[in-house]
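Understanding the architecture of this molecule
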Amino acid sequence: MIAVVFPLSLTAALGLAIGSFLNVVVHRLPAGLSIARPASACPGCSTPIRRRDNVPVVSWLALGGRCRDCRTSISARYPIVELATGVFFVLVAARLWPLADVPTEALPLVSRLLSLVAFLWLAGVSVALAVIDLEHHRLPNAVVLPSYAVGGALLAASSLLVGDWPALVRAAIGLVSLFAFYLIAALSYPGGMGFGDVKLAGVLGLYLAWLGWGEFAVGAFAAFLLGGLFAVVLLVTRRVQRTGGIPFGPWMLAGAWVGVFAGGTVATAYLTLLGLA
């Protein structure tokens, strides 16, 4: 039991801390502000946040969601992002680092660690992009483009350490093919797909195909399924007009994570149903 609780609790703590930083990214990046300086401060009185008031989730709850000095209300988005990132990190670690199957040799162990870091990066990026796209209908290049380099480098190193060349080939094909598909869609119907979606598609194609073709197919399809269902619900409830803009980035990300967590199982079940597996 100790061996199970310790790594996941450590991952949860890391996720909460990263979630606190993502709040800074979500608030400042769309406004064109530096995410490094100045230190976090109250939006009402501009008083710098004390260290004891900067503990993820706990500080917000202890202060009743208000600034200690001026009592300005602090958005519930802050603890929600922190908690969501912590839970997300635990789920990713459980998926990619099953403790019953931890490698004992050095190279496979490092390879597994690198792939875990790559997907934790994607988890953090997913939270930030989903919130920014929902609030501003943007997928900033400052978050999307570095993910090509970070994800590509980590996953390539993970594969090379154990000689998994097929994963590298799949990743390259997945990146190019999903990027091209979204690019064609954006050029064919400019009002329905933005170029931020196109650039994000390449990142998601890289990650999904690295895991396998089942994950890639399910993750790519799930984005349209989830996004389409959500759009139908909004239209039926008259929350949006037919010509209204619905950010698609969050559904691309949600679909991709469906692929990560369940893509292999769903694809195998589907092929079995067709008698192909």
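Residues numbered from 1 in each chain as written. Predicted model: local features only at pLDDT ≥ 70, side-chain atom pairs only at ≥ 80, totals over all residues. Heavy atoms only, no water.

**Quick look at the packing of aromatic side chains**
In plain terms, the rule: Aromatic pairs are defined between Phe, Tyr and Trp rings, using the six-membered ring for Trp, whenever the two ring centres lie within 6.5 Å; interplanar angles under 30 degrees are classed as stacked, those over 60 as edge-to-face, and all others as tilted. To sort residues, take the accessible area from a 1.4 Å probe on protein chains only and compare it with the maximum for the residue type: under 20% means buried, over 50% means exposed, and anything in between is partly exposed. Only DSSP runs of H or I covering at least 4 residues are called helices, and only runs of E covering at least 2 are called strands; the numbering of each starts at the N terminus. Working rule: Lys NZ or Arg CZ, within 6 Å of ring centre, within 35 degrees of ring normal, means a charge sits over the ring.
Following the criterion strictly, the structure yields eleven aromatic pairs and no others. Between Phe181 and Tyr182, the ring centres sit 5.9 Å apart and the planes meet at 75°, which makes this aromatic pair edge-to-face. Of the residues examined, Phe181 reaches a relative accessible area of 46% and is grouped as partly exposed. The interplanar angle of 40° and the centroid separation of 4.8 Å between the aromatic rings of Phe230 and Trp251 together place this pair among those described as tilted. Pair noted here: Phe230 is in helix 8 (residues 213–236) and Trp251 is in helix 9 (residues 249–273), with a separation of 21 residues, a long-range link. For Trp251, a relative accessible area of 21% gives the class partly exposed. Three or more aromatic residues joined by ring pairs form one cluster here, namely Phe181, Tyr182, Phe224 and Phe248. Sitting over the face of the ring of Tyr78, Arg77 holds its NZ or CZ atom 5.1 Å from the ring centroid.

**Here we look at the packing of helix 8 against helix 9**
The test is simple: Axis definition: a line fitted to C-alpha atoms, limited for helices to the stretch in contact. Angles are taken between N-to-C directions and run from 0 to 180 degrees. By the definition adopted for this analysis, an angle is roughly parallel if under 35 degrees, roughly antiparallel if over 145, roughly perpendicular if from 65 to 115, and oblique otherwise. When the near helix sits turned anticlockwise from the far one by under a right angle, the crossing is termed left-handed; a clockwise turn instead gives a right-handed crossing. Residue contacts are defined here by distance: any two heavy atoms, one from each residue, within 4.5 Å place the two residues in contact. Each residue is assigned to one class: nonpolar for Ala, Val, Leu, Ile, Met, Phe, Trp, Tyr, Cys and Pro, charged for Asp, Glu, Lys and Arg, and polar for all the others, Gly among them.
Where helix 8 contacts helix 9, the axes come no closer than 6 Å and their chain directions differ by 135°. Comparing the axis directions of helix 8 and helix 9 gives the class oblique. For the pair helix 8 and helix 9, the crossing hand works out as right-handed. Contacts from Gly214, Glu215, Val218, Gly219, Ala222, Ala223, Leu226, Gly227 and Phe230 in helix 8 reach Trp251, Met252, Ala254, Gly255, Ala256, Val258, Gly259, Gly263, Gly264, Val266 and Ala267 in helix 9. Along the lines of polarity and charge, the residues of the contact of helix 8 with helix 9 split into twelve nonpolar, seven polar and one charged.

**Some points on unusual backbone geometry**
Positive phi values are uncommon outside glycine, yet Val57 reaches one of about 65°. With respect to the element layout, Val57 can be found in the loop between helix 1 (2–28) and helix 2 (58–62). On the basis of relative accessible area, Val57 is assigned to the buried category, the value being 16%. At His137, a position not held by glycine, the phi torsion is positive, near 55°. For His137, a relative accessible area of 47% puts it in the partly exposed group.

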